[in-house]
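Letter by letter, the chains look like this.
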Amino acid sequence: FSFALDDASDERKNDKEIVLVAVRKEGGTLQFASASLRNDADVVLAAVSQDGLALEYAGTEPRNSIDVVLTALEKDAQALEYASKQLQNEPKVILKAVQEDSDVLEFASEKMKNNKDIILAAVVQDPKGSIQLASKRLQNDKDIVLAVVQADASALEYVSYNMKNNKDVVLAAVDQDARTLKYVSSSLQEDPDVFLAAKRSALEDNTNLHALTDGLRGDKDIVLRSVSKYGGSLKYATKEMQNDKDVVLAAVRRNG
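Peer 1: So what exactly am I meant to see when it comes to the overall build of the protein chain here?
Peer 2: Within the protein chain one finds 20 helices and zero strands. Taken against the 2.2 N^0.38 rule, which gives 18 Å for 256 residues, the C-alpha radius of gyration of the protein chain at 27 Å runs more than 25% over that of a compact globule. The principal-axis extents of the C-alpha atoms in the protein chain amount to approximately 90 × 40 × 20 Å. For the protein chain, the residues scored as buried account for 47% of the 256 residues in total. Approximately 13,000 Å² of the protein chain is accessible, and the part contributed by carbon and sulfur atoms is 44%. Within the protein chain, one finds 33 positive and 42 negative side-chain charges whose respective centroids are separated by 7 Å.

This is the structure we're talking about:
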């Protein structure tokens, strides 16, 4: 597909009326406008209003215009990549972007990745991705990590070791999903409160045995619940449970 503006003369590529018509139709045609018009606020605003990613073709001044950049972000948050370094360090801009698409956090400045409000906003969109892009300080911030695992328990896999060893964080995760116990520090896996929370979750959700830790696969209540639903799951139980008469009876009654 070709754009008519690409074939126009240099004089017409510098004709504001013509270029405005073009970019209102297809924002990406901004790339064919003259350098002067790619720095024109009216032209660039019209282009990004149609296609946020047209910001890529804007001149230096529009990329540093908060109005232009915010308009581009409303159309496509990925346009943050083309904003000026100054605006990639502007909280209002980054907050707007991550509320639309948390993946664009990668284009934010290191300072913004260390901004608690911004990371919390990003967590709402994508807990796993956001915690990995956050600063080391915020990866060890209990409020942030709790928000992450409360939004998606499986994101416990991506939090720092310190947080995997934080009992409150771990309880918040395993209480939702027993499978996350495998991401917990070895010391907390043996903590009675943590184990009981994981056990309760496994029983409530009837979690598949193969997805659980050895400790849970060796719990008679969990194994009995599992083999009573599907006798074949006995193969995932611990050796001790595979030798337990009650468990084996329940399995063969279900599957023979």
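Peer 1: Help me out: how do you make sense of the packing of aromatic side chains in this one?
Peer 2: Each aromatic ring pair is specified by the distance between its two centres and by the angle formed by the two planes. Inspection of the entire model under this criterion finds one aromatic pair. Relative to Phe32, the ring of Phe3 lies with its centre 6.0 Å away and its plane at 50°, an arrangement referred to as tilted. Of this pair, Phe3 sits in the segment before α1 (4-7) while Phe32 sits in the loop between α3 (16-25) and α4 (41-50); the two residues are 29 residues apart in sequence, bridging distant segments of the chain. For Phe3, a relative accessible area of 21% puts it in the partly exposed group.

Peer 1: Looking at this structure, how should I read the pattern of salt bridges?
Peer 2: Two side chains bearing opposite charge may form a pair once their charged atoms approach each other closely. This structure, assessed with the given rule, holds 18 salt bridges. Across the pair Asp141 and Lys116 runs a salt bridge whose closest N-O atoms are separated by 3.4 Å. With Asp141 in the loop between α11 (136-139) and α12 (142-151) and Lys116 in helix α9 (residues 116-125), the pair connects residues that are 25 residues apart, well separated along the chain. Judged by its relative accessible area of 14%, Asp141 falls in the buried class. According to the relative accessible area criterion, Lys116 is partly exposed, its value standing at 28%. Arg217 is the partner of Asp214 in a salt bridge, and the nearest nitrogen-oxygen pair spans 2.1 Å. Separated by three residues within a single helix, Asp214 and Arg217 lie in helix α17 (residues 214-217), roughly one turn from each other. For Asp214, a relative accessible area of 52% puts it in the exposed group. Its relative accessible area of 17% is what places Arg217 among the buried residues.

Peer 1: Just to check I follow, could you spell out the side chain of Asp177 for this structure?
Peer 2: Within the secondary structure layout, Asp177 lies in the loop between α14 (167-174) and α15 (186-189). Within the structure, Asp177 has its side chain in polar contact with the side chain of Arg179 (distance 2.8 Å). The contacts of Asp177, once residues within four sequence positions are left out, are Ala153 and Ser201.

Peer 1: What exactly am I supposed to notice about unusual backbone geometry here?
Peer 2: Even without a glycine there, the phi angle at Asn206 is positive, about 50°. Note on placement: Asn206 falls in the loop between α16 (192-205) and α17. Given the relative accessible area of 27%, Asn206 is considered partly exposed.

Peer 1: Sorry if this is basic, but what is going on with a negative patch on the surface here?
Peer 2: Judged by side-chain charge, Glu56, Glu81, Asp103 and Glu106 come together as a negatively charged surface patch. Relative to the helices and strands, Glu81 is located in the loop between α6 (66-75) and α7 (91-100).

Peer 1: Quick question: what am I supposed to make of helix α20 (residues 245-255) here?
Peer 2: In an α-helix there are 3.6 residues to a turn, and that puts residues three or four apart on one side. Among the residues making up α20, those that are buried are Val247, Ala250 and Ala251. One face of α20 carries all of its buried residues, which in axial projection span an arc of 100°. Opposite the packed face of α20, turned more than 90 degrees from it, sit the exposed residues Lys245 and Arg253. Of the surrounding elements, those touching the buried residues of α20 are α18 (220-229) and α19 (239-242). With a side-chain oxygen lying 3.0 Å from the backbone nitrogen of Asp246, the N-terminal cap of α20 falls on Asp244. Just beyond α20, the residue with positive phi is Gly256, at close to 80°.

Peer 1: Please clarify how the packing of α3 against α4 should be interpreted in this entry.
Peer 2: How two helices sit against one another is set out by the angle between their axes and by the gap between those axes. It is the contact of α3 with α4, at a shortest axis distance of 7 Å, that shows an interaxial angle of 15°. If you check the angle between α3 and α4, you find them roughly parallel. The element α3 and its partner α4 pack so that their crossing is right-handed. Residues Lys16, Val19, Leu20, Val23, Arg24 and Lys25 of α3 pack against Asp42, Val43, Ala46, Ala47 and Gln50 of α4.

Reading guide: rules and limits
Residues numbered from 1 in each chain as written. Predicted model: local features only at pLDDT ≥ 70, side-chain atom pairs only at ≥ 80, totals over all residues. Heavy atoms only, no water. Helix = DSSP H or I, 4+ residues; strand = E, 2+ residues; numbered from the N terminus. Rg over C-alpha atoms; globule rule 2.2 N^0.38 Å. Buried < 20%, exposed > 50% of the residue type's maximum accessible area, 1.4 Å probe, protein only. Areas by Shrake-Rupley, 256 points an atom, 1.4 Å probe, with all protein chains shown as cover. Lys, Arg positive; Asp, Glu negative; His and termini not counted. Charge placed at Lys NZ, Arg CZ, Asp CG, Glu CD. Phe/Tyr/Trp six-rings, centres within 6.5 Å; stacked < 30°, edge-to-face > 60°. Salt bridge = Lys/Arg side-chain N within 4 Å of Asp/Glu carboxyl O. Polar contact = N/O pair within 3.5 Å; in protein donor to acceptor, adjacent residues only side chain to side chain. Contact = heavy atoms within 4.5 Å. Patch = residues over 30% accessible without salt bridge, like charges linked within 9 Å, V, L, I, M, F, W, Y side chains within 5 Å. Arc of directions from axis to C-beta. Axes fitted to C-alpha atoms, helices over the stretch in contact; angles between N-to-C directions. Parallel < 35°, antiparallel > 145°, perpendicular 65-115°, else oblique. Left-handed = near helix turned anticlockwise from the far one by under 90°.

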